[in-house]
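# Survey of secondary and tertiary structure
Here is what each chain is made of, one letter per residue.
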Amino acid sequence: MILKILKIFTVISYLLIIWTGDHLGGIFGYYIILGLFGDISTILLSVLFLIILTVFLYSSFKPFKKNELHVFLLGGVILIIPVLSHFYTVLTQFKNRGDNRFFLTLFLFLILYGMTLVSIGRQKKNKNVSSDPKPTP
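What this report covers is the structure whose coordinates are included nearby. (Residues numbered from 1 in each chain as written. Predicted model: local features only at pLDDT ≥ 70, side-chain atom pairs only at ≥ 80, totals over all residues. Heavy atoms only, no water.)

## A few points about the environment of Ile32
Of note, Ile32 is situated in helix α2 (residues 24–34). With relative accessibility at 2%, the residue Ile32 sits in the buried group. Linking Ile32 and Phe49, residues 17 residues apart in sequence, is a C-alpha distance of 7.2 Å. Residues in contact with Ile32, not counting those within four places in the same chain, are Ile18, Ser46, Phe49 and Leu50. (Helix = DSSP H or I, 4+ residues; strand = E, 2+ residues; numbered from the N terminus. Buried < 20%, exposed > 50% of the residue type's maximum accessible area, 1.4 Å probe, protein only. Contact = heavy atoms within 4.5 Å.)

Following this line, the structure appears as structure tokens:
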């Protein structure tokens, strides 16, 4: 139950990153939605981000799968690339002026994403231990 809640909150915290802040929220949040109406490259990027977020949500309502850790690792890396790019831009070019909401939501996402990965790893370990047959003496 905790893992389900963590997955849902991870998606919500990512959505908070892309919809808050002066720079990224206004540009990237609209880019995902309005990119569906652009040329082929923007359509592909928008669909990729929407698929990853949908898979994260879908997996929270389905039973645990053994490859779930790999899905969350790869999906998280793809989702975090534009966010880290904006993080670098804010620190170097804007000198961290007035973008506190971005940092707050970014750290919230990173904490929840890390907790989700740890929970998935623990559940995978428990699933492997419980599914192994006991050796007979």
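## Observations regarding the packing of helix α1 (residues 2–19) against helix α4 (residues 68–92)
Running from amino to carboxyl end, α1 crosses α4 at an angle of 10 degrees, the nearest separation of the two axes being 12 Å. On the basis of the axis angle, α1 is roughly parallel to α4. Across the interface between the two elements, Lys7, Tyr14 and Ile17 of α1 pack against Glu68, Phe72, Leu79, Pro82 and Val83 of α4. The residue makeup of the contact of α1 with α4, split by class, is 6 nonpolar, no polar and 2 charged. (Axes fitted to C-alpha atoms, helices over the stretch in contact; angles between N-to-C directions. Parallel < 35°, antiparallel > 145°, perpendicular 65-115°, else oblique. Nonpolar A, V, L, I, M, F, W, Y, C, P; charged D, E, K, R; others polar.)

## Overview of α1
Here α1 spans 26 Å end to end across 18 residues, near enough to the 26 Å set by a 1.5 Å rise per residue. All buried positions along α1 are accounted for by Leu3, Leu6, Lys7, Thr10, Val11, Ser13, Tyr14, Ile17 and Ile18. Across the axial projection of α1, the buried residues extend over an arc of 160 degrees, all falling on one side. (Expected span 1.5 Å × (residues − 1). Arc of directions from axis to C-beta.)

## Details of the side chain of Ser60
You can see Ser60 is positioned in helix α3 (residues 40–60). Residue Ser60 is classed as buried on the basis of its relative accessible area, which comes to 5%. A polar side-chain atom of Ser60 sits 2.5 Å from the main-chain carbonyl oxygen of Leu57. Each residue touching Ser60, except ones within four places of it in the same chain, is listed here: Lys4, Lys7 and Ile8. (Polar contact = N/O pair within 3.5 Å; in protein donor to acceptor, adjacent residues only side chain to side chain.)

## Structural notes on the environment of Ile8
Locating Ile8 in the fold gives a position in helix α1. Sequence-wise, Ile8 and Leu57 are 49 residues apart; in three dimensions their C-alpha atoms are separated by 6.1 Å. Residues within four places of Ile8 in sequence aside, it is in contact with Leu57, Ser60 and Phe61.

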